[in-house]
Each structure stands twice: as C-alpha cells, then as structure tokens.
Amino acid sequence: MQLLEIKDLEVFYGKIQALRGISVSVNSGEIVSLIGANGAGKTTTLKTISGLRKVHSGSITFKGEDITNMVGHKRVHLGLCQAPEGRGVFPGMTVVENLEMGAYSRKKSESGKVKEDFDRVFDLFPRLNERRKQIAGTMSGGEQQMLAIGRALMSSPELLLLDEPSMGLAPMLVSQIFDIIQEINRQGTTILVVEQNATKALSISNRAYVLETGSVTRSADAKELLDDDSIRKAYLGE
Amino acid sequence: MHNFLVQVPPSIIDGITTGAIYALMALGYTLVYGVLRLINFAHSEVFMVGTFASLFTLHALGITKTPTGLAIVGVFLIITIAAMAGSSITAVLVERIAYRPLRKRNSSSLANLISAIGVSFFLQEVYALRYGRDLIPFPRILNKTVLFRIGEGEIRLDKVVVVVVALVMMFVLDRFVNGTRLGRGIRAVAQDSSTAVLMGVNIDRIVTLTFLLGGAMAGVAAMLYGMFYEVTQYNIGFVIGIKGFTAAVLGGIGNIRGALLGGFVLGLVETFGGAIFHAQWVDVVSFSVLVLVLLFRPTGILGESLQRAKA
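Note that the structure is predicted; figures quoted are calculated from it, not measured.

Draft legend 1. Structural view of the pairing of strand β2 (residues 16–27) of chain A. All names here are of chain A. Relative to β2, strand β1 (residues 2–13) is paired through nine bridges, and the arrangement is antiparallel. In the sheet register, Glu5 faces β2, and the bridge partner there is Ser25. Where β1 folds back on β2, the antiparallel hairpin that results is connected by two residues, among which Gly14 adopts a positive phi of roughly 60°.

Laid out in structure tokens, this is it:
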C-alpha cells in the first residue's frame with residue numbers, strides 16, 4: 001500500500017530552484033532511502049514533506065490525503081514525523097523534556113500509550129534512559145542523534161523521516177544507529193531516510209532514489225544499486 | 001557618609017518594591033522576544049490599558065473609600081482579574097493586528113518596530129482623547145499602614161502586597177513555562193521554531209499564548225501600580241515600559257529568570273542612585289544602566305545561557 005507519494009515536486013528558494021520535479025513514493029512497511037551528494041535536494045525534499053518549505057508545483061499525498069498545502073504542524077497529527085538534520089534537539093531542555101516534545105501532538109487520552117512509547121524509546125536507546133535529566137545541548141553528537149530519533153518516535157508516527165542520521169558520527173556509532181533504524185522498521189514504522197553515507201543507507205533499505213541537483217536520476221531496489229558499478233563509483237567512494 | 005547609611009534600609013525596601021513591578025513588566029518583553037525575536041514596544045500601552053481597566057472596575061464597583069475587612073480581598077481579586085483581562089486582550093489584539101500580518105509576509109524587524117510605535121501612539125491618543133491628558137487619581141484601596149521599621153525603612157502594607165503578589169505571579173509563570181505541555185511548547189519555539197513545527201507545535205497559537213501571558217503579567221503590574229501610586233494617565237506606560245525593557249535587557253533578554261533578576265537589580269540601582277545623587281536623578285541612573293549594559297554586556301546578566309543553549 002502506498003503511504004507517501006510525491007509527484008513532480010518543484011520547490012524554490014527565492015529564485016533558485018532546489019527541486020526540479022521529483023517523484024518519490026514510499027510503501028507501508030518499507031525503508032526507502034534518498035541518496036546523493038551535498039546540495040542535491042535531499043534535505044529540501046524532507047523539509048517540504050514536513051511542510052517547512054512551500055511547494056511551487058506538484059503534489060504530496062500521505063495516506064491518500066493531499067497534504068501539499070497543509071500547515072506543517074497538522075501533518076504530525078496525521079502520523080508523519082521527522083528527526084531533523086544534525087543537532088535538531090531542543091538544546092535547553094532535558095532528555096525527558098525533549099521526548100515529551102515528541103509526544104506534543106498526542107491527546108491526553110493517549111497518555112497510557114505515550115508511557116509505553118517512553119519505555120520503547122528507552123529500550124531502543126538505553127543511553128537516553130541513563131541520561132534522562134541531562135540538558136540535551138550538553139550531550140555528544142551521537143547521543144543527540146539518538147534523542148532526535150527517539151523524540152520523533154514519541155509521536156508514534158506511521159512514517160518516520162530521518163535526515164542524515166549518520167552525520168558527524170564515528171563509524172561504530174553509525175552502525176549502531178543503522179541497526180536501531182532497522183529495528184524500528186521491524187517494529188512496524190515505515191521509514192524514509194536521507195543519507196550521504198550511501199553504502200550504509202542502501203544496506204538497510206528496500207528501495208532507493210538517487211538525487212542529483214534537484215532531480216531523481218535513478219530509482220531501483222537498494223540491492224541493485226549496491227551492485228551497480230556507476231553508483232559505486234559516484235556515491236560509494238570506490 | 002552617615003547620611004547615606006541611614007538611607008540604606010529605605011532604599012532596599014523601595015528598590016525591591018519598584019523592582020517587583022519592573023520585573024513583571026520585563027517578563028512581557030522577554031517572553032515575546034524569546035519566541036519571536038521581536039521587542040514589543042507597544043507593551044507600555046498594554047500596561048496603561050491595565051491601569052485604566054482596574055480604575056474603571058473600581059468606579060463600577062462604586063468604591064470611593066478604602067474598603068475594610070474581607071471586602072479588601074474581594075476588591076483586589078476583582079480589579080486584578082480586570083487588569084489582567086484588559087492587558088492580555090490588548091496584547092493579543094496588538095499581535096493580531098500589528099505584528100502577525102507583517103510576520104506572515106516575512107517583513108524586516110524594522111517594519112515590526114515601526115508598527116509597534118504606531119500602535120503605541122494610537123492607543124495613547126485614543127485614551128488621551130477619551131479621558132484627557134491629566135493625571136487621573138485612584139481611590140485608596142489599601143491603607144498605607146506601617147507594619148514595622150528597620151532603621152529609617154518602613155515596611156508598609158502596600159509595599160508588602162506589591163512584592164508578595166509579584167512574587168506569586170512570577171512563581172506561577174515559571175511553573176507554567178517549565179512544568180506544562182504548553183509551557184514546553186513556548187520553550188520549544190524559543191529554542192528552535194522550525195523543529196517545534198516538526199513536533200506538531202502550532203506556532204501561531206504559541207505566539208498568541210505568549211502575548212496573553214506577557215499581557216497578564218503587565219496587567220498585574222498595572223493593578224499594583226495603581227494601588228501603590230494611586231494615579232494613571234494616557235502615557236503612564238511610557239517610562240515604566242522603558243524601565244521594564246531595561247530590566248529585561250539587564251537580566252538578559254529572552255531569559256525569564258533573567259527578567260526577574262533584572263527587575264529587582266534595576267529597582268535597587270535606581271533607589272540607591274536616587275539616595276546618592278538626588279531623587280530627581282532616578283531616571284538618569286536607570287537609563288545610564290541601559291546604555292552601559294548595551295555597550296559592555298549586551299547579553300545581560302543571564303543572557304548568555306540562551307546563546308549557549310543554542311550552540
């Protein structure tokens with residue numbers, strides 16, 4: 001079943017065109033990755049899906065509903081949540097407060113389920129459990145990344161958007177984060193991940209799209225791309 | 001020197017009293033700045049409307065003489081609610097009419113400033129045309145009973161009320177911002193507004209709430225001011241507004257606890273300045289503080305925590 005469908009999406013920053021009519025779709029239960037070089041439009045795509053960028057033309061459909069012009073905060077209520085690029089945590093809040101912000105969109109009546117989600121997040125990231133009271137801004141890059149992902153999970157999303165989860169992390173930590181992303185997917189959350197670390201992203205994805213200067217140049221099964229010589233040369237550093 | 005020592009206790013008492021009112025005003029500036037990075041220069045008129053709201057309520061209640069017994073408490077509650085309502089409604093309307101349309105168009109902060117000045121003049125002139133340009137007296141609602149003395153300093157009932165009410169309001173606000181879901185929403189928008197949207201925070205609603213809270217604090221300040229100084233005027237907010245702004249800058253704009261600290265520090269600096277030079281120099285002293293802070297420590301006493309938190 002198609003969960004998210006982007007059709008011919010065009011986005012501008014002032015007069016500069018960032019997205020030149022890209023089409024991407026994500027089915028329920030999948031992990032889909034967007035790979036490409038810096039400035040290819042990966043982050044812009046995610047921001048536009050979340051409603052932080054205005055759409056010039058094209059459409060975004062989520063769960064069959066047209067959300068192209070829906071305000072950003074309402075999209076979270078529909079079941080779409082993003083862990084933003086880099087240190088996207090609230091720096092002045094504690095770990096627990098950040099996670100509570102993740103559950104901001106949930107109703108009071110769900111408080112029992114929210115509690116379960118707290119346990120689930122602490123289960124996935126034992127590190128966060130140890131640091132409940134720590135101010136997020138004082139944590140390491142890896143811990144902040146875990147917090148950003150955990151916080152997004154607190155909204156109990158159907159579709160989780162991850163923007164460069166491996167950015168600035170040591171290789172060991174990168175593997176750990178990707179293992180957790182797979183685990184989250186196994187627990188039933190569909191994932192759209194944007195990555196420069198293409199090898200890692202492709203190794204856990206079902207399908208992938210290659211972005212170049214605002215256009216999709218390839219889309220295929222992740223395995224196929226991993227075995228493709230031209231992709232290996234361009235994005236896998238071989 | 002002896003003369004100065006004698007003035008220490010009264011200066012401390014008066015400094016804390018006026019400081020409490022400045023601190024309440026400073027909260028309004030700092031809350032709005034935290035969320036929108038905008039100085040709401042119309043906040044002085046939000047205060048002015050609050051003084052009129054409590055005065056009109058006193059008139060409506062037919063209070064001409066000082067009430068006694070339990071009636072005092074009732075009168076206090078009613079005029080406090082009236083002043084808070086008047087001020088917060090004004091603050092929310094100012095945001096809707098003067099700031100939001102500019103924000104939706106991504107206007108420069110200069111445009112917001114001009115808009116604020118325009119709203120300020122508009123409100124002042126409306127009140128001047130309607131109620132004249134002279135000082136308007138308040139009926140006395142609380143006897144200025146001296147409870148006890150410390151040297152030359154008089155601990156008076158009305159001063160105690162000002163400080164206690166202000167402290168209670170500050171505590172309530174602090175608990176709200178740090179301990180509730182909506183309070184967390186305010187802090188989230190202040191720390192990173194686009195990430196707040198990703199968490200499902202309705203920015204417009206948080207902005208309205210921020211103006212509402214800042215207005216409510218100004219309303220309490222206005223009620224206390226009316227009770228303490230027993231006058232109001234169409235431009236009563238001007239000086240107190242700049243004092244509140246100075247207190248916010250002094251404490252570190254955008255920082256709630258900084259605003260409280262800044263208010264009390266400014267109140268004390270002022271009264272001691274007045275004691276050393278002359279009472280007429282009070283405003284010179286406080287605005288010198290503003291200039292010095294802006295020159296040498298523009299982040300204020302606690303202000304850096306905001307920047308540090310962002311790094």
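Moving on, there is more to tell.
Draft legend 2. Just the interface of chain A and chain B, in detail. Taken together, the 21 residues of chain A in the interface contact 21 residues of chain B. Both sides together, the interface formed by chain A and chain B hides about 2000 Å², and carbon and sulfur atoms give 63% of it. Contact with chain B buries surface across chain A, with A:His73, A:Phe90 and A:Tyr104 losing the most and accounting together for 34% of the total. If you look at where chain A meets chain B, you find two salt bridges. Its salt-bridge partner being A:Glu97, residue B:Arg187 comes within 3.0 Å of it at the nearest N-O pair. Counting residues per element, the ones that place at least two in the side of chain A that touches chain B are α2 (72–78), β6 (80–83) and α3 (95–102) of chain A. For the side of chain A that touches chain B, the residue count by class is nine nonpolar, nine polar and three charged.

Draft legend 3. Region of interest: the pattern of salt bridges. Residues and elements named next belong to chain B. Scanning the entire structure with this criterion turns up 26 salt bridges over all chains. For Arg257, the salt bridge identified is with Asp174, shortest N-O distance 2.8 Å. Taken as a pair, Arg257 in helix α10 (residues 256–276) and Asp174 in helix α5 (residues 157–179) lie far apart in primary sequence, 83 residues in all. Among the charged side chains, a salt-bridge network with shared partners connects Glu95, Arg100, Arg103, Lys104 and Asp204.

Draft legend 4. Geometry of the packing of helix α9 (residues 237–251) of chain B against helix α11 (residues 282–296) of chain B. Residues and elements named next belong to chain B. One can describe the packing of α9 onto α11 by two numbers: an axis separation of 10 Å at closest approach and a directional angle of 35°. Of the two elements, α9 crosses α11, and the hand of that crossing is left-handed. In contact with Val239, Ile242, Lys243, Phe245, Thr246, Val249 and Leu250 of α9, α11 contributes Val282, Asp283, Ser286, Phe287, Val289, Leu290, Val293 and Leu294. For the contact of α9 with α11, a count of residues per class yields eleven nonpolar, two polar and two charged.

Draft legend 5. Representation of the sheet that holds strand β10 (residues 215–221) of chain A. All names here are of chain A. Strand order in the open sheet formed by six strands is β6-β7-β8-β3-β9-β10, and the pairing between neighbours is mixed. On the outer flanks of this sheet lie β6 and β10, each paired with one strand and no other. Averaged over all pairs of adjacent strands, the angle between strand axes in this sheet comes to 15°, irrespective of strand direction. Bridge analysis of strand β3 (residues 31–36) against strand β8 (residues 190–195) gives five bridges, and the strand direction is parallel.

About the cut-offs
- Residues numbered from 1 in each chain as written.
- Chains lettered and ligands numbered in written order.
- Predicted model: local features only at pLDDT ≥ 70, side-chain atom pairs only at ≥ 80, totals over all residues.
- Heavy atoms only, no water.
- Pairing = 2+ DSSP bridges.
- Helix = DSSP H or I, 4+ residues; strand = E, 2+ residues; numbered from the N terminus.
- Contact = heavy atoms within 4.5 Å.
- Buried area = accessible area lost by both parts, 1.4 Å probe.
- Salt bridge = Lys/Arg side-chain N within 4 Å of Asp/Glu carboxyl O.
- Nonpolar A, V, L, I, M, F, W, Y, C, P; charged D, E, K, R; others polar.
- Axes fitted to C-alpha atoms, helices over the stretch in contact; angles between N-to-C directions.
- Left-handed = near helix turned anticlockwise from the far one by under 90°.

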